[in-house]
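An overview of the molecular structure
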Amino acid sequence: MKRFFVLLILIFTGFPANADAPAIPAILVFGDSISAGYGLARVEQGWVGMLRAKLKDEGYGYQVVNASITGETTAGGLARLPRALALHHPRVVILELGGNDGLRALPIDQMRSNLGKMVDLAVDSGAQVLLLGMRIPPNYGPEFTEKFFAVFADVARDKKTPLVPFLLNDIALSPNLMQADGVHPNELGQPKLLDNVWPRLRPLLRK
């Protein structure tokens, strides 16, 4: 009888019945409009939605949390990341930020510092990090565009973090894979985004 009343108390106070069950490990995708699915008819059409399906199909027991925001900069991401880490406790963080810093011609050194701090925060929380690199159009001038592109490799080397050198590789120069704005991949480009990410992500995963 006593055990019965204890069970009732647990139920009505919201205590989970399977408190000892292990939580499903999370992959946190932390990016901007390219990962948020900007311009797509449905979010599921984006590469992050395709990642969810691929993980399920291949038997990986991960949930994918997409915390990407259109227009996000590395400064905004740095401000948001601690809460996201505390909320989701990810095993892996896919960091896809920096593109908007480049398009707004924000200081390169500040972008490098922000990315490095985000990697440190994620690692300190117990997560592995995959950094996704980006390029910006050549009209920003060769010096700025090359310094921008080099930041991702610099951070990956300094923090010993896996890197996808250019997320839009084999996509950006193909008009049939890009939206009319020339910045965001369209529906046809989304599988290729996942193709660029997967080879570097897979070694970080466990079944």
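Report follows, based on the coordinates.

**A word on the sheet that holds strand S3 (residues 92–96)**
Pairing in this open sheet of 5 strands is parallel, and the strands run S2-S1-S3-S4-S5 from one edge to the other. The open sheet terminates on both sides in strands that have one partner only, identified here as strand S2 (63–66) and strand S5 (163–164). Sheet strands in contact with helix H3 (residues 47–57) are strand S1 (26–31), S2, S3 and strand S4 (128–132), and its direction is about 170° off that of S2. Along the sheet, helix H7 (residues 142–159) contacts S4 and S5; its crossing angle with S4, the most-contacted strand, is approximately 160°.

**Quick notes on the nonpolar core**
Counting residues in each nonpolar core, the largest one holds 58 residues, and the members touching the most others are Phe30 and Trp47. Setting aside anything within four residues of it in sequence, one finds Phe30 in contact with Ala67, Ser68, Gly77, Arg80, Leu81, Ala84, Val93, Ile94, Leu95, Glu96, Leu97 and Met118.

**Quick notes on the pairing of S3**
With 5 of 5 residues buried, S3 is to be regarded as a mostly interior element. The alternating pattern of S3 places Val92, Ile94 and Glu96 and Val93 and Leu95 on opposite faces, both of which are buried. Pairing of S3 with S4, which is carried by 4 bridges, proceeds in the parallel orientation. Residue pairing in the sheet places Val93 in a bridge with Val129 of S4.

**Observations concerning helix H8 (residues 190–201)**
Helical geometry: 3.6 residues make up each α-helical turn, so side chains three or four residues apart lie on a common side. Over its 12 residues, H8 runs 16 Å from end to end, which matches the ideal 16 Å to within 8%, given 1.5 Å per residue. Among the residues of H8, Gln190, Leu193, Leu194, Asn196, Val197, Trp198 and Leu201 are the ones counted as buried. Tucked into the core, H8 has its buried residues touching helix H2 (33–36), H3, S3, S4 and S5.

**A few points about helix H4 (residues 74–88)**
For H4, with 15 residues, the first-to-last C-alpha span of 20 Å sits near the 21 Å given by 1.5 Å per residue. Of all the bends found along H4, the most pronounced is centred on Arg80 and spans about 40°, while Pro82, a proline, follows it within four residues. When H4 is considered as a whole, its buried residues turn out to be Thr74, Gly76, Gly77, Leu78, Leu81, Ala84 and Leu85. In this fold, the buried residues of H4 make contact with S1, S3, helix H5 (99–103) and helix H6 (108–124). Once H4 ends, the next one or two residues include His89, with phi positive near 45°.

Thresholds applied
Residues numbered from 1 in each chain as written. Predicted model: local features only at pLDDT ≥ 70, side-chain atom pairs only at ≥ 80, totals over all residues. Heavy atoms only, no water. Pairing = 2+ DSSP bridges. Helix = DSSP H or I, 4+ residues; strand = E, 2+ residues; numbered from the N terminus. Contact = heavy atoms within 4.5 Å. Axes fitted to C-alpha atoms, helices over the stretch in contact; angles between N-to-C directions. Core = buried A, V, L, I, M, F, W, Y, C linked by side-chain atoms within 4.5 Å. Buried < 20%, exposed > 50% of the residue type's maximum accessible area, 1.4 Å probe, protein only. Expected span 1.5 Å × (residues − 1). Bend = angle between axes of the 7 residues up to and from the residue.

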